[in-house]
Amino acid sequence: LSEKLSAAFKKLKQKGKLGEKDVKTAMREVRLALLEADVNYKVAKQFVDAVTERAVGAAVFESLTPAQQVIKIVHEELISLMGGEVSRLHIPSKPPCVIMMCGLQGSGKTTHSGKLGKLLKSQGHRPLLVACDVYRPAAIKQLQVVGEQAGVPVFEMGQGDPVEIAKKALGHAKDHGNDIVILDTAGRLHIDEALMAELAAIKAAVGPDEILLVIDSMTGQDAVSVAESFNQLLEITGVVLTKLDGDTRGGAALSVKAVTGKPIKFSGTGEKLDDLEPFYPDRMASRILGMGDVLTFIEKAQTQFDEKQQKAMEEKFRKNKFDLEDMLVQLDQMRNMGSLQQIVSMLPGGIGNKLSGADLDDRQMDQVRAIICSMTPEERAKPKLINPSRKRRIAAGSGTRVEDVNRLLKQFETMSKLMKQFSRPGKRRRMMPFM
Ligand code: GDP
Ligand code: MG
């Protein structure tokens, strides 16, 4: 898709000026490209109409070429089509929270039950995995293996009635202090009435807080009809899009949200249990466009970054004198540029991925700010000084926990290391020091 789009835009670039006819021509190619990437035809049409409407007659910014401007609009519309913001799990305050995983056979339900379990555990929850796929003994075994790898207990009752198992699992969770119950259900190769009836019965029996439809992103056009059927029958609350590490063209992501109205909450990016990420609509849009969103980033960076300050900062990196005080300045500057997730997702070269592993979100940013502000100038300049008793003082002063202080120091270390890599002589840094 990205190749096609680039080709379409190359034509625009050659023209230099943006009129109705240019936009229409480019959009025809965008539409074909989307269809080729297995985007549902209705969705593609809707998309093209929205972009055309915005692009024709839009004031051309001096700083952007017409082609860049169309790219910007296509990019923005792609993001909004995929839900705009990152969508999180809804975990009610009263436990246990029930998450029901459903989807076709092989889509990744069992694997992603384990991934979610591991993630939630790392966030301080006490999840329980439940084997509701009872048709093959191997399926139960698979969940047990996954549970063991994730360090999350598995509840199973052999090949019994899945509805009963789900109910019993809830009781078990209450008795054992599990605040989250993840139901791994059975799938079939195709939508089938018996299976749907079973899933509906489980839903009725336990009233899940989240019904996540697991969709293999490699299934292309089919993803739309699968999503539609499951949503009609079960009223799903979100989607987990798996196998995004493969050679997928992104069409599924584009269509699913538009067709169901339900957000994609997670993306699966590999077979290992750590290969789970929040779904970033902007990152996916960039993937589809194939340009790491560098364009937008340059723009924002240019307007927001004080050049002198940036020079001073670069100097510090070169001399390896970056400290927590500087981190604070950087964070505040980045804050002015948009949400942290937006920014991280725009960093090229996979750095965004490395950092998002630390699960940065904006609330955490405020916490980071509070922690650094509770340090003395000396501590900010020399983080190595921060011993356990200082940590306790800083935690108390910032209303956080010692673990939070530790995490921040670790993040700082990672950040310094990354920056060292990028300020190595001979290797040109890109655009701004943070990267
Ligand atoms: P289920 O039938 O829906 O429970 O699917 P499974 O969880 O058993 O997954 C089916 C296959 O897909 C397994 O071989 C998994 O290792 C693989 N798989 C699941 N998720 C991903 C992913 O995100 N990326 C890759 N590459 N493989 C995955
Ligand atoms: Mg399974």
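Quick notes on the rules
Residues numbered from 1 in each chain as written. Chains lettered and ligands numbered in written order. Predicted model: local features only at pLDDT ≥ 70, side-chain atom pairs only at ≥ 80, totals over all residues. UniProt positions renumbered as here; feature names shortened; annotations may be inferred. Helix = DSSP H or I, 4+ residues; strand = E, 2+ residues; numbered from the N terminus. Buried ≥ 20, exposed ≤ 12 C-beta atoms within 10 Å, placed from the backbone. Contact = placed C-beta atoms within 7 Å. Near = placed C-beta within 6 Å. Nonpolar A, V, L, I, M, F, W, Y, C, P; charged D, E, K, R; others polar. Pairing = 2+ DSSP bridges. Expected span 1.5 Å × (residues − 1). Arc of directions from axis to C-beta. Core = buried A, V, L, I, M, F, W, Y, C linked by C-beta atoms within 7 Å. Domains from an automatic or database assignment. Axes fitted to C-alpha atoms, helices over the stretch in contact; angles between N-to-C directions. Parallel < 35°, antiparallel > 145°, perpendicular 65-115°, else oblique. Left-handed = near helix turned anticlockwise from the far one by under 90°. pLDDT = per-residue confidence, 0-100.

Looking up the protein chain in an unreviewed UniProt entry gives the name Signal recognition particle protein, with the organism given as Bittarella massiliensis. Within the UniProt record for the protein chain, the comment given under Function (unreviewed entry) is "Involved in targeting and insertion of nascent membrane proteins into the cytoplasmic membrane. Binds to the hydrophobic signal sequence of the ribosome-nascent chain (RNC) as it emerges from the ribosomes. The SRP-RNC complex is then targeted to the cytoplasmic membrane where it interacts with the SRP receptor FtsY." Turning to the protein chain, the UniProt annotation filed under Subcellular location (unreviewed entry) states: "Cytoplasm".

## Quick word on the overall build of the protein chain
If you tally the helices and strands in the protein chain, you get 20 helices and 8 strands. The burial tally for the protein chain puts 43% of its 435 residues in the buried class. Of the contacts formed within the protein chain by residues at least 6 apart in sequence, a portion of 75% connects residues at least 24 apart.

## Describing the site of ligand 1
Residues in close proximity to ligand 1 total 19 residues, the closest being G108, K109, T110, T111 and G268. Among the elements that take part in the shell around ligand 1, helix α5 (residues 109–122) stands out by supplying 3 residues, more than any other. Residue composition of the shell around ligand 1, by class: 1 nonpolar, 13 polar and 5 charged.

## Some points on the pairing of strand β1 (residues 97–102)
Where burial is concerned, most of β1 is hidden: 6 out of the 6 residues are buried. Burial along β1 is two-sided: C97, I99 and M101 and V98, M100 and C102, pointing in opposite directions, are all buried. For β1 and strand β5 (residues 210–216), the ladder comprises 4 bridges, and the chain directions are parallel. Following the sheet pairing, C102 is matched in β5 by L213.

## Observations concerning helix α3 (residues 41–55)
Taking 1.5 Å of rise per residue, 15 residues should cover 21 Å, and α3 covers 21 Å from first to last C-alpha, within 8% of that figure. Among all positions in α3, only V43, A44, F47, V48, V51, T52 and A55 are buried. Looking straight down α3, one finds that the buried residues subtend no more than 160° of arc, so they occupy a single side. One or two positions beyond α3, positive phi appears at G57, with a value near 80°.

## With respect to the environment of N178
Its location among the elements puts N178 in the loop between α7 (162–176) and β4 (180–184). For the pair N178 and R126, spaced 52 residues apart in sequence, the C-alpha to C-alpha distance is 4.9 Å. Ignoring any residue separated from it by four or fewer positions in sequence, one finds N178 in contact with P96, R126, P127, L128 and A173.

## Focus: the nonpolar core
Residues I99, V130, V181, I182, L183, I215 and V239 are the most contacted members of the largest nonpolar core, which totals 84 residues. Counting only domains with at least three residues in this core, you end up with domain 1 (2–81) and domain 2 (97–289). Among all residues touching V239, those that are not within four sequence positions of it are L212, L213, I215, A227, V256, K262, I264 and K265.

## What to know about the packing of α7 against helix α8 (residues 193–206)
At a closest axis distance of 9 Å, the pairing of α7 and α8 adopts a crossing angle of 25°. It follows from the interaxial angle that α7 and α8 lie roughly parallel. For the pair α7 and α8, the crossing hand works out as right-handed. In this structure, α7 contributes P162, V163, A166, K167 and L170 to the contact, and α8 contributes E198, A201, I202, A205 and V206. Tallied by class, the residues present in the contact of α7 with α8 amount to 8 nonpolar, no polar and 2 charged.

## Here's the deal with the confidence of the model for the protein chain
Of the residues in the protein chain, 74% have a pLDDT of 70 or more, and the chain-wide mean is 80. Low pLDDT, under 50, characterises residues 292–305; the stretch is placed with 25 contacts to residues that sit more than four places away or in other chains. Scoring of the predicted complex yields 0.67 for pTM and 0.99 for ipTM.

## What about the sheet that holds strand β3 (residues 154–155)?
Spatially, β3-β2-β4-β1-β5-β6-β7-β8 is the arrangement adopted by the 8 strands of the open sheet, whose pairing is mixed. In the strand order of this sheet, the two ends are held by β3 and β8 (276–278), each with one partner. As paired strands, β5 and strand β6 (residues 238–242) are joined by 5 bridges and run parallel to one another. Looking at the pairing, L212 lines up with G238 of β6. Running over the sheet, α5 touches β1, β2 (127–131), β4, β5, β6, β7 (264–268) and β8 and is turned about 170° from β4.

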